[in-house]
Amino acid sequence: METKYDPKQIELKWQDIWQERQLFQVREDPDKEKYYLLEMFPYPSGNIHMGHVRNYTIGDVVARYKRMKGCNVLHPMGWDAFGMPAENAAIAHSVHPAKWTYENIETMKSQLKRLGFSYDWDRELATCQPQYYHWEQWLFVKMLERGMVYRKRSSVNWCQDCQTVLANEQVEAGLCWRCGNVVVQKELDQWFFRITDYADDLLEYCDNLPGWPDKVVTMQKNWIGKSVGAEIYFPLEKSGDHISVFTTRQDTVYGATFMCMAPEHPMVLKLSAGTPQEAEVRAFVERMARQDKAKRTSEDYEKEGVFIGTYCINPFTKRRMPIFTANFALMEYGTGAVMAVPAHDQRDFEFARKYDLEIVVVIQPEGATLDPETMTEAYVGEGLLVRSPPFDGLKNVKALDAIADYLQDKELGKRAINFRLRDWGISRQRYWGAPIPVVYCETCGVVPVPEKDLPVVLPEETHMLEGGRSPLPTLESFLTTQCPRCGNARARRETDTMDTFVESSWYFERYCSPRHVEGMFDKEAVRYWMPVDQYIGGVEHAILHLLYSRYFTRVLKDFGLVDYKEPFTRLLTQGMVCKETKKCPDHGFLYPEEVVQREGRPTCKHCGRPVEVGRIEKMSKSKKNVVDPNLLMEKYGADTLRLFCLFAAPPERDLDWSDQGVEGAYRFLNKVWRLVSDHVEVLKGIEPYDGGQELDGESKDLYRKTHQTIKRVTTDIDTRFHFNTAISAVMELVNTIQALRVDLCSDATGCAVLRFSLETTVVLLSPLVPHFADELWEALGHTGSVLEVFWPTYRQEAIEEDQILIVVQVNGKVRSRFQVSADTDEERIKAAALADERVVARLAGRPVKKLIVVQNKLVNIVV
RNA sequence: GCGAGAGUGGCGAAAUUGGCAAACGCACUGGACUUAGGAUCCAGCGGCUUCGUGCCUUGCGGGUUCAAAUCCCGCCUCUCGCACCA
C-alpha cells in the first residue's frame with residue numbers, strides 16, 4: 001500500500017472499475033425493495049458549479065447508503081437541455097444551440113463522473129432529443145383532444161430582452177426571472193394548460209405531503225391562493241346589463257358605496273362612451289396600459305382612479321354607486337371589478353377619502369361605535385352587522401354564510417371560489433424548444449398533428465437571427481406543411497415552442513424506461529419505480545417546477561398512464577453555497593486576487609480604496625465569489641470536495657465556503673489513510689473481532705465506541721440526512737483509534753478489535769468518500785467495492801457502558817459527578833449522591849426538600 | 001403588511017424525548033520531532049475570576065418547572081417567500 005494518499009490516481013482507478021463492473025446499473029426486480037432517488041437534473045450551462053456538487057453529493061451518499069442497505073436503487077441523471085442560454089450563446093459565438101448544448105453535456109458529464117457519482121448512465125436523457133419531446137408532443141395532442149389545452153388571445157408577460165413570453169411564475173417583482181429586465185404586457189395568441197382545473201386538488205393534497213418541508217408546502221399553498229367568497233351582480237343604472245364582482249367579504253355588501261374596475265376591463269370604455277368623462281377615462285386607461293405593471297403595483301403605491309360617468313346599483317341597498325376605473329384593480333384577479341366598501345377595506349377607505357366618496361359603516365365592533373366622519377382607517381375586524389336589513393345584529397362571520405345563501409336564493413349572485421393560480425401559458429416565441437405540434441389550416445382551423453406524424457422535429461439546419469428572434473417563422477421548409485385533415489398544401493405550422501418547464505414535468509417518469517419507443521414510458525417500469533422516494537434540489541424550484549410536476553402527474557393519472565397523484569414522496573431542499581464577497585466602492589465586486597493588503601486592511605488593487613469584506617452571499621459569477629470545483633478536484637480530489645460539502649453544514653442549511661475547511665477535510669482523509677497504512681502489515685492475516693471472547697480494558701472501549709459510531713452514523717444518514725454529525729461521529733472514532741492503537745497492537749485480540757474498528761471506519765465512510773474507501777478496503781485485503789458490502793448493524797449489548805456517569809445537581813446546578821456501575825439501583829444512587837463530599841459541603845446541613853433521580857443520568861437535590 | 005424559518009464561542013456548527021451547553025472541525029496559542037515545517041504528534045482554547053472549581057453565559061424581557069438553547073407569553077434582529085388578491 002502506498003504510504004501517501006494520492007487522490008487523483010485512486011479516484012480515476014476506481015471510477016474505471018465501477019464503470020467496468022456496471023455497479024450502478026439497475027433493472028426492475030420485484031424481489032428487492034425499490035428506492036428511487038432523484039436529484040434535480042441540471043441545465044447544461046457548460047460547467048458544474050458548487051451548487052451542483054453539493055446537491056449531487058448529498059444524493060450520492062443516500063443512493064450508496066440505500067444500496068448497501070440492500071435496496072434496488074434507481075439513481076439516474078440527465079439534462080434539462082432546452083432553453084435560452086443555448087440561443088444566447090449561439091448568437092454570441094455563432095454556434096448552433098444544439099452543438100453548444102451537446103458539447104456542454106459532454107463536459108459536464110465528465111465532471112460528474114470525475115466526482116464519482118453513482119449514476120446509471122445507461123438511462124441518461126436530454127430533453128432536446130426528439131425521442132424525448134416526441135412523447136411530450138403526443139401528450140399535448142391528447143390533452144388538446146380532451147380540452148385540457150386551449151388557445152387564447154391574451155395579454156401576456158413579455159420580456160423584450162429574451163424576446164419571449166413568460167409564465168406568471170417566471171415574473172419576479174415585475175422583472176424577468178432569467179435576465180432581470182422589466183416585463184411588459186403584450187397581446188398574443190397563446191397556448192395554455194388548464195392547471196386551474198386542478199387547483200383544488202393540488203391545494204388539498206398539500207396536506208398529504210408529510211415528506212416535504214413545511215416551507216415548500218406553504219409556498220405552494222400561497223401560490224395556489226384559494227379564496228372563498230361570492231360573486232355579486234351589480235345592475236347598471238341605465239341598461240339591463242350588470243357588473244359582476246368577486247368578494248370574500250359579502251358580509252359588507254351593504255356598505256358598498258362605489259365600484260372600481262381594472263383599466264383593462266372591457267366594460268370601462270364601453271360604459272364611459274358618450275359621457276362627459278369619456279376623454280378623461282380614455283386617457284387614464286391608455287396611461288395605465290403604458291405604465292408597466294411593476295411600477296403600477298409596487299413602487300407607485302398611490303391609489304388613483306377616475307369616475308367613468310355612469311352608475312350601477314347596489315342590489316341590497318338600491319344605492320346608486322358611481323363606477324370608477326382604478327389602478328389598484330387587477331384584471332387578472334376575480335372578475336376585474338371590485339365592490340368598494342370604504343368603511344371595511346383599507347384600500348377602498350383611502351380611495352374614498354381621496355375622492356370624497358361616501359363611507360357607510362355596516363359592521364360595528366362590540367363595545368364601540370364607528371363614525372365615518374372621524375375614522376382614520378378602515379375597520380376590518382369582527383363585529384355585528386348594522387344598516388344591513390334583514391341581517392342586522394348578526395355576527396359578521398355568520399353573515400358570510402347567510403348572505404351567500406341569500407344571494408343564491410334571490411339570484412343576485414352566487415357562491416364563488418377564486419384562485420390566485422392562473423392557467424399555465426406554455427407558448428414561447430423561441431427556437432430552442434420542443435415545437436408545439438399543431439397546424440393552422442385556412443379551412444380546418446387549428447389541427448393537431450396526428451400521432452403518426454410525431455414527433456414534429458425541431459429543424460436543426462438553421463442559423464439564429466439577430467436580437468434573439470426565433471428563425472422558425474421564417475423557415476419555409478418548417479413553416480409550410482400539408483393540413484393533416486384536408487390535405488391543403490398551404491397550411492402553416494405553429495412556430496412557438498413549449499416552455500422548458502414542460503419537459504421537466506415528466507422526466508422522472510421517463511427515467512424509468514428512457515429508451516421506450518411505444519409511448520412516454522413503459523407502464524410496468526413506472527409502476528415499479530414511481531413515485532420518487534426522495535427528491536433533492538434547490539429551493540428555487542419550490543413553486544415552479546414542483547407545482548408543474550404535480551399538475552402533470554395528475555394529467556397522466558387522468559389518462560390512466562400512472563396510478564398515483566403525487567410524484568415525489570419526500571423532498572429535500574438543500575441550502576445555497578455561499579462565500580464572502582469583496583466589494584470596492586468604485587470597482588464593484590472584486591476577485592480575491594484583486595484585493596491587496598495595505599496597512600493591514602484590504603484595499604482595491606486598482607484604486608487603493610478600502611474594500612468591504614465579510615458579506616456572505618450566494619456564490620455567483622456576478623459577485624465574483626465562485627469557487628471552481630475543477631480546481632479543487634485537481635488539488636485535493638473529489639473525495640475531499642465531497643467530504644467538505646457534507647461536513648460544513650446540514651444539507652437544508654446554507655453552506656459557507658471555507659478554503660481552510662476544505663484543507664481540514666483533506667487532513668482528515670490523510671489521517672485515516674495513515675492509520676490504515678501504518679497497520680496494514682500488523683493486521684495482515686488477522687480476522688476482525690466479531691464478538692467471540694470477552695473483551696476488557698481498551699479493546700472493549702474501542703469495540704463499544706465502534707458500535708456506538710455505527711448507530712450514530714446510521715441514524716444520522718437514515719432518518720435525518722445529517723451528514724455533518726455522521727462525519728463527526730466517525731472523526732471521534734478515528735480519534736479514539738488513534739489514541740489506543742499502540743496499546744492494542746500488543747495482543748491478538750487487540751489487533752482483531754483494531755481491524756474491526758478500522759474496517760468499520762472505512763465502510764461507514766464509503767458512501768461519503770467512495771474512492772477513498774474502496775482503496776483502503778482493498779488495501780485491507782478485500783476484493784471488490786465497499787458498495788457491495790452490507791451496511792453494518794450495531795449490537796445493543798456492545799453499546800451499553802458498564803460504568804455510567806451520574807451528574808449531581810443541587811438546586812438545579814451541577815455540583816458533582818461520579819461513576820457507578822450500570823446496574824446500580826435508584827436507592828443506591830440516591831445514597832451515593834447524598835454522601836458525596838462536595839454535595840455535603842453544599843447542603844451545609846440544610847434539610848432536603850425533594851430528590852429527583854433521572855435513571856442512569858442525574859440526581860437533583862432540592863433544598 | 002401577510003406567511004414561513006432562523007438567532008448558541010473568533011468562525012462553521014453539536015446538543016434523540018426538557019436533564020453536564022459548546023461534541024466534531026476551522027482559526028489561534030504553547031510544546032515535541034526536525035536542517036526546515038505551511039507535514040505530523042501532544043496539550044490548551046466562551047467570559048469573568050479574589051484562580052475557590054467560584055460566578056456568569058444559548059438575541060432581549062418575563063413565565064412554567066426540581067431542571068429550559070429546548071415549553072409558554074411579549075419584544076428585537078436577520079433570511080426567504082408572497083405582496084394593492086377584492
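Shown above is the structure to which this text applies.
Predicted model only: the values in this text are computed from it and were never measured. Sequence positions are assigned chain by chain, starting from 1 and proceeding in written order. Think of it this way: whatever chain is written first is A, whatever ligand is written first is 1, and the rest follow in order. Side-chain atom pairs in this predicted model are given and counted only at pLDDT of 80 or more, local residue features only at pLDDT of at least 70, and totals for whole chains, interfaces and linings cover all residues. Excluding hydrogens and water, the side-chain figures rest on all heavy atoms present in the structure.

Some points on the overall build of chain A
Part 1 of the argument: When helices and strands are tallied, chain A shows 27 helices and 35 strands.
Part 2 of the argument: Seen through its principal axes, chain A has C-alpha atoms that stretch 105 × 85 × 70 Å.
Part 3 of the argument: Whether two residues are in contact is decided by their heavy atoms: any pair within 4.5 Å suffices. Relative to all contacts within chain A whose residues are 6 or more apart in sequence, the contacts with residues 24 or more apart total 71%.
Part 4 of the argument: Only four residue types enter the tally: Lys and Arg on the positive side, Asp and Glu on the negative side; His and the chain ends are excluded. One atom stands in for each charge, and that atom is NZ of Lys, CZ of Arg, CG of Asp or CD of Glu. The averaged location of the 124 negative side-chain charges in chain A is 3 Å from the averaged location of its 108 positive side-chain charges. Each helix is a run of H or I in the DSSP string that is no shorter than four residues. Each strand is a run of E no shorter than two, and both are numbered from the N terminus.

Quick word on the sheet that holds strand 3 (residues 149-159)
Part 1 of the argument: If you walk across this open sheet you meet the four strands as 4-3-7-17, and the pairing is antiparallel. Because the sheet does not close on itself, it has two edges, and the strands there are strand 4 (164-166) and strand 17 (424-425).
Part 2 of the argument: Strand pairing follows a simple DSSP-based rule, namely that at least 2 bridges must link the two strands. Bridge analysis of strand 3 against strand 4 gives three bridges, and the strand direction is antiparallel. Bridge pairing in strand 4 places W158 opposite V165.

Overview of helix 12 (residues 396-410)
Part 1 of the argument: An ideal rise of 1.5 Å per residue puts 21 Å on 15 residues; helix 12 measures up with 20 Å between its terminal C-alpha atoms.
Part 2 of the argument: Between buried and exposed lies partly exposed: a residue is buried under 20% and exposed over 50% of the maximum accessible area for its type, with that area taken using a 1.4 Å probe on protein chains only. N396, A399, I403, A404 and L407 are the residues of helix 12 that are buried. One face of helix 12 carries all of its buried residues, which in axial projection span an arc of 135°. Facing away from the buried side of helix 12, by more than 90 degrees, are the exposed residues K398 and D409.
Part 3 of the argument: Of the surrounding elements, those touching the buried residues of helix 12 are strand 8 (226-235), strand 14 (363-364), strand 15 (384-385) and strand 16 (413-419). One less than the number of residues in a helix, times 1.5 Å, gives the span that helix is expected to have. Starting at the helix axis, one direction is taken to each C-beta atom, and the arc is that of these directions.

What about the protein's contact with RNA strand B?
Part 1 of the argument: With respect to spatial proximity, 55 residues lie near RNA strand B, and among them L330, Y333, A648, R817 and N860 are the closest.
Part 2 of the argument: In the model, a phosphate oxygen of RNA strand B is placed 3.1 Å from a nitrogen or oxygen of the K850 side chain.
Part 3 of the argument: Taking N860, its side chain carries an N or O atom lying 2.5 Å from a base oxygen of RNA strand B.
Part 4 of the argument: With seven residues, helix 22 (residues 723-744) is the largest single contributor of residues to the surface near RNA strand B.
Part 5 of the argument: Here the residues of the surface near RNA strand B are counted per class, giving 20 nonpolar, 15 polar and 20 charged. Proximity is defined per residue: any heavy atom of the residue falling within 4 Å of a molecule or strand makes that residue near it. Polar contacts, as counted here, are pairs of nitrogen or oxygen atoms within 3.5 Å of one another; within protein the pair requires one atom able to donate a hydrogen and one able to accept it, and residues that are adjacent in sequence qualify only if both atoms are side-chain atoms. Charged means Asp, Glu, Lys or Arg here, nonpolar means Ala, Val, Leu, Ile, Met, Phe, Trp, Tyr, Cys or Pro, and polar covers whatever is left, Gly included.

Some thoughts on the side chain of T57
Part 1 of the argument: Locating T57 in the fold gives a position in helix 2 (residues 50-68).
Part 2 of the argument: What makes T57 buried here is its relative accessible area of 0%.
Part 3 of the argument: A polar contact is formed between the side chain of T57 and the backbone oxygen of V53, at a distance of 2.5 Å.
Part 4 of the argument: In this view, T57 contacts H52, F117, R642 and L646; residues no more than four positions away in its chain are not counted.

Describing the nonpolar core
Considering soluble globular proteins, one finds that nonpolar side chains tend to be buried as a cluster.
Part 1 of the argument: Y36, F140, F193, W424, Y551 and W657 are the most contacted members of the largest nonpolar core, which has 195 residues in total.
Part 2 of the argument: The biggest single contributor to this core is helix 22, with 11 residues.
Part 3 of the argument: Contact partners of F140, with chain neighbours within four places excluded, come to V149, W191, F193, I426, I436, P437, V438 and M498.
Part 4 of the argument: Residues F284, V306, I363 and L407 belong to the second largest nonpolar core, which totals 35 residues. By nonpolar core we mean a set of buried residues, namely Ala, Val, Leu, Ile, Met, Phe, Trp, Tyr and Cys, connected to one another through side-chain atoms within 4.5 Å.

A short note on the packing of helix 20 (residues 659-679) against helix 24 (residues 770-779)
Part 1 of the argument: One can describe the packing of helix 20 onto helix 24 by two numbers: an axis separation of 11 Å at closest approach and a directional angle of 10°. When the axes of helix 20 and helix 24 are compared, the pair comes out roughly parallel. Judged by residue contacts, L669, V672, W673 and V676 of helix 20 engage F772, E775 and L776 from helix 24.
Part 2 of the argument: Residues that form the contact of helix 20 with helix 24 fall into these classes: six nonpolar, no polar and one charged. Axis geometry follows a simple rule: fit a line to the C-alpha atoms, using only the stretch in contact for helices, then measure angles between N-to-C directions, giving values from 0 to 180 degrees. By definition in this entry, angles of less than 35 degrees are roughly parallel, angles greater than 145 are roughly antiparallel, angles of 65 to 115 are roughly perpendicular, and the rest are oblique.

Things to note about the pairing of strand 32 (residues 803-810)
Part 1 of the argument: As judged from the eight bridges shared by strand 32 and strand 33 (residues 813-821), these two strands associate in the antiparallel manner. Looking across to strand 33, one finds that Q809 is bridged to V814.
Part 2 of the argument: Where strand 32 and strand 35 (residues 858-862) come together, four bridges link them in parallel fashion. Paired with V807 across the two strands is L858, which belongs to strand 35.

Quick look at the sheet that holds strand 25 (residues 568-574)
Two pairing modes exist for strands in a sheet, parallel and antiparallel, and in both the strands are linked by backbone hydrogen bonds.
Part 1 of the argument: Spatial ordering of the open sheet is given by 2-1-24-25, a layout of four strands whose pairing is parallel. The open sheet has two free edges, formed respectively by strand 2 (72-74) and strand 25, since each of these has just one partner strand. Strand-to-strand, the axes of this sheet are offset by a mean angle of 20°, without reference to chain direction.

Some thoughts on the packing of aromatic side chains
Part 1 of the argument: Note on aromatic pairs: the rings of Phe, Tyr and Trp (six-membered ring only in Trp) are paired at centre separations within 6.5 Å, and the planes decide the class, stacked below 30 degrees, edge-to-face beyond 60, tilted for the rest. The tally for this structure, following the rule as stated, stands at 50 aromatic pairs.
Part 2 of the argument: Geometrically, the ring pair formed by W424 and Y551 is edge-to-face, given 6.2 Å between the ring centres and 75° between the ring planes. With W424 in strand 17 and Y551 in helix 17 (residues 544-558), the pair connects residues that are 127 residues apart, well separated along the chain.
Part 3 of the argument: Its relative accessible area of 0% is what places Y551 among the buried residues.
Part 4 of the argument: Pairing F644 with W657 gives two aromatic rings, centres 4.8 Å apart and planes at 75°, and the pair type is edge-to-face. Taken together, the positions of F644 in helix 19 (residues 638-647) and W657 in the loop between strand 31 (655-656) and helix 20 put the pair 13 residues apart, joining distant regions of the chain.
Part 5 of the argument: F644 gets classed as buried once you look at its relative accessible area, which sits at 4%.
Part 6 of the argument: On the basis of relative accessibility, which here comes to 7%, the residue W657 falls in the buried class.
Part 7 of the argument: Directly above the aromatic system of F559 lies the positively charged group of R146, at a separation of 4.3 Å from the ring centroid.
Part 8 of the argument: Here R493 stacks its cationic end above the ring of F478, 5.6 Å away from the centre of that ring. Remark: a charge is flagged as sitting over a ring if the NZ atom of Lys or the CZ atom of Arg is within 6 Å of the ring centre and within 35 degrees of the ring normal.

Notes on the environment of D197
Part 1 of the argument: Among the structural elements, D197 can be located in the loop between strand 7 (183-193) and helix 6 (199-204).
Part 2 of the argument: The exposure class assigned to D197 is exposed, which follows from its relative accessible area of 58%.
Part 3 of the argument: In this structure the C-alpha to C-alpha distance between D197 and V577, which are 380 residues apart in sequence, comes to 38 Å.

Some details on the pattern of salt bridges
Side chains that differ in charge, positive against negative, can pair when their charged atoms come close.
Part 1 of the argument: Take a side-chain nitrogen of Lys or Arg and a carboxyl oxygen of Asp or Glu: if they are within 4 Å of each other, that pair is a salt bridge. In the structure shown here, the tally under the stated rule is 51 salt bridges.
Part 2 of the argument: Two residues, R287 and E304, come together in a salt bridge whose shortest N-O distance is 3.1 Å. Remark: E304 occurs in the loop between helix 10 (293-299) and strand 11 (305-313) and R287 occurs in helix 9 (residues 278-290); sequence separation between them is 17 residues.
Part 3 of the argument: A relative accessible area of 18% places E304 in the buried class.
Part 4 of the argument: E732 serves as the salt-bridge partner of K705, at 2.9 Å between the closest nitrogen and oxygen. Of the two residues, K705 is situated in helix 21 (residues 697-720) and E732 in helix 22; the sequence distance between them amounts to 27 residues.
Part 5 of the argument: Three or more residues joined by partner-sharing salt bridges are found here, namely D201, R550, R554, K565 and E566.

Without other data, these values stay purely geometric and don't point to any function.
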